[in-house]
Amino acid sequence: IYSCCYLSRRLNQLSSHDPLWKRHCKKYWLISDEEKSQRNQSWKAIFISTYSDLGRYIRYYATLKKAWDDLEKYLGQRCPRMIGSLKESVREEDLDAVEAQIGCKLPDDYRCSFRIHNGQKLVVPGLMGSMALSNHYRSEDLLDIDTAAGGFQQRLGLKQCLPLTFCIHTGLSQYMALESVEGRNKYEIFYQCPDQMARNPSAIDMFITGTSYLEWFTSYVNKVVTGGYPIIRDQIFRYVHDKECVATTGDITVSVSTSFLPELSSVHPPHYFFTYRIRIEMSKDALPEKACQLDSRYWRITNAKGDVEEVQGPGVVGEFPIISPGRVYEYTSCTTFSTTSGYMEGYYTFHCLYYKDKFFNVTIPRFHMVCPTFKVSTARMVSRDAVVLMLETNHNEYAVDEDEDSTDTDEYEDRRRVLDIPAPSGRCPRHT
């Protein structure tokens, strides 16, 4: 419209009609009536001045600005100290300087987000979520642009990858690929996962967390502000709750949420680590004599191959909680699979406090755990191809396992024991 207004007098008159620019200011820049009155400018002047500064981001700005505004409003009410860790926006020249420093172009959606907020300070809790087990803690900060640039990777296995997040406790980062190299797609976001079965240190597998910065950031914010991720002790915990994963037995309701832990998992050998949070609640309308105490638990654990493991034991996480009307008891535990998915189900056994010889079982709903999409290291694939070529050259003197690249098998556990390769660290009491 701004360009066309020079073609004719009528278009010029039309382009000066302020309500027309008001719609665009609200749609593309999220300018409110209150902000307009504070700036004491016409809608047209506001649109033109904003476009001159942020015009290259017109496709992304409104979406990212709304995500940031929603996140700040939500956290301001629930995690106020996290708001204080956010940094002010950066300038265009700052982003240009980073591109010159790392020798790569930053995607416009990433640049646009940093024109709104320059990540956060390296503090706890991290904006991008936390996770805690009895002997393990992770909290990811959203890195500011200078810290991210300082961690830009050029080593084999992570060439041209920029860290987006960082956990000061584990050293864990989520990376964004700035170029399509080493089997990655441009702007793909992932957790790195060193291949423990490869001698080549550049053999890095990937757990994919996003296809673009816009999708990665806005989907996370949506999970937070809609209550998809719970706020626990003033932190965002990345537990996912399936609304159908609830079971009620009498007056007691059991619900489960789960989370995948990439930092304690590996693709080769296949070792997929999950944590789950269980909530046990008695209806507030239950009669007082319904009060009871948990005695034991029973688990039936099934992996993707259909293998079943049964576990039975006293209490949960070393405790024997008492449940009474209106009371909630929650606890966290974990499990591991050698396949990319699996599920658990079972029951708790309680006894009544008023009738101590009365026992009953409470159903634990079936809950599924699925490893996120991952990619196998190209360095490992190249090494395997070289081995196959060598063996073929030697007239198949040695047998080759054609299923070596399978990501859904227990065979790697056997190989790990033979080769004496340590499994990932970070164990906790399982199936409690």
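Residues numbered from 1 in each chain as written. Predicted model: local features only at pLDDT ≥ 70, side-chain atom pairs only at ≥ 80, totals over all residues. Heavy atoms only, no water.

As recorded in an unreviewed UniProt entry, the protein goes by the name F-box only protein 3, listed as coming from Balaeniceps rex. Comment text from UniProt for the protein, heading Subunit (unreviewed entry), reads "Part of a SCF (SKP1-cullin-F-box) protein ligase complex SCF(FBXO3) consisting of FBXO3, SKP1, CUL1 and RBX1. Interacts with PML, interaction is direct and takes place either alone or within the SCF complex." Here is the UniProt Subcellular location (unreviewed entry) comment for the protein, exactly as written: "Nucleus". (UniProt positions renumbered as here; feature names shortened; annotations may be inferred.)

J.: What's the story with a nonpolar patch on the surface in this structure? I'm lost.
T.: On the surface, a cluster of nonpolar side chains totalling about 230 Å² of accessible area is made up of Leu122, Val124 and Ile168. Looking at where leucine 122 falls in the secondary structure, it is placed in the loop between helix 8 (108–116) and strand 1 (130–133). (Patch = residues over 30% accessible without salt bridge, like charges linked within 9 Å, V, L, I, M, F, W, Y side chains within 5 Å. Areas by Shrake-Rupley, 256 points an atom, 1.4 Å probe, with all protein chains shown as cover. Salt bridge = Lys/Arg side-chain N within 4 Å of Asp/Glu carboxyl O. Helix = DSSP H or I, 4+ residues; strand = E, 2+ residues; numbered from the N terminus.)

J.: Got a minute to help me understand the nonpolar core in this structure?
T.: One recurring pattern in soluble globular proteins is that nonpolar side chains are buried together. Counting 51 residues, the largest nonpolar core has Leu106, Tyr110, Leu127, Tyr213 and Phe217 as its most contacted members. Looking at this core, the elements that each hand over two or more residues are helix 2 (18–29), helix 4 (43–54), helix 5 (61–78), helix 7 (92–102), helix 8, helix 9 (145–150) and helix 10 (213–225). For this core, the two domains that each supply at least three residues are domain 1 (8–56) and domain 2 (60–226). Dropping the residues within four chain positions of it, phenylalanine 217 is found in contact with Leu64, Ala67, Trp68, Leu71 and Leu142. Among the nonpolar cores identified, the runner-up in size contains 37 residues, and Cys167, Val254, Met344 and Phe367 belong to it. (Core = buried A, V, L, I, M, F, W, Y, C linked by side-chain atoms within 4.5 Å. Buried < 20%, exposed > 50% of the residue type's maximum accessible area, 1.4 Å probe, protein only. Domains from an automatic or database assignment. Contact = heavy atoms within 4.5 Å.)

J.: Quick question: what am I supposed to make of unusual backbone geometry here?
T.: The omega torsion of the bond from valine 124 to proline 125 falls at 10°, within 30 degrees of zero and hence cis. Residue position: proline 125 is located in the loop between helix 8 and strand 1. That bond from histidine 268 to proline 269 is cis: its omega, 0°, falls within 30 degrees of zero. Relative to the helices and strands, proline 269 resides in the loop between strand 12 (252–260) and strand 13 (272–282). Phi is positive for asparagine 40, close to 55°, though the residue is something other than glycine. For asparagine 40, the location among the structural elements is in the loop between helix 3 (33–39) and helix 4.

J.: Please explain the sheet that holds strand 17 (residues 328–337) as it appears in this structure.
T.: Backbone hydrogen bonds are what pair the strands of a sheet, in a parallel or an antiparallel way. Strand order in this open sheet of 4 strands is 11-12-13-17, and the pairing throughout is antiparallel. Here the strands that pair on one side only, and so sit at the sheet edges, are strand 11 (240–249) and strand 17. Each strand axis lies, on average, 20° off the axis of its neighbour in the sheet, ignoring direction. Two strands pair when backbone bridges link them, and strand 12 and strand 13 are joined in this way by 9 bridges, in the antiparallel orientation. Along strand 13, the bridge assignment pairs threonine 253 with glutamate 281. (Pairing = 2+ DSSP bridges. Axes fitted to C-alpha atoms, helices over the stretch in contact; angles between N-to-C directions.)

J.: Mind showing me how you'd approach the pairing of strand 1 here?
T.: Both faces of the sheet carry side chains from a regular strand, because those side chains alternate between them. What you see with strand 1 is no split at all: Ser130 and Ala132 on one side and Met131 and Leu133 on the other are buried throughout. Examined bridge by bridge, strand 1 and strand 2 (residues 136–139) share 4 bridges and lie antiparallel to one another. When the sheet's bridge partners are listed, methionine 131 is paired in strand 2 with arginine 138. Linking two consecutive strands that pair antiparallel, namely strand 1 and strand 2, is a turn of 2 residues.

J.: Can you walk me through the pattern of salt bridges in this structure?
T.: Pairs may arise between side chains of opposite charge once their charged atoms sit close together. With the rule as written, the count across this model stands at 26 salt bridges. The partner of glutamate 35 in a salt bridge is arginine 39, with the nearest N and O atoms 3.7 Å apart. Here glutamate 35 and its partner arginine 39 are both found in helix 3, 4 residues apart, which amounts to about one turn of the helix. Looking at glutamate 35, the relative accessible area reads 29%, which means it is partly exposed. The shortest N-O distance in the salt bridge between arginine 111 and glutamate 92 comes to 3.0 Å.

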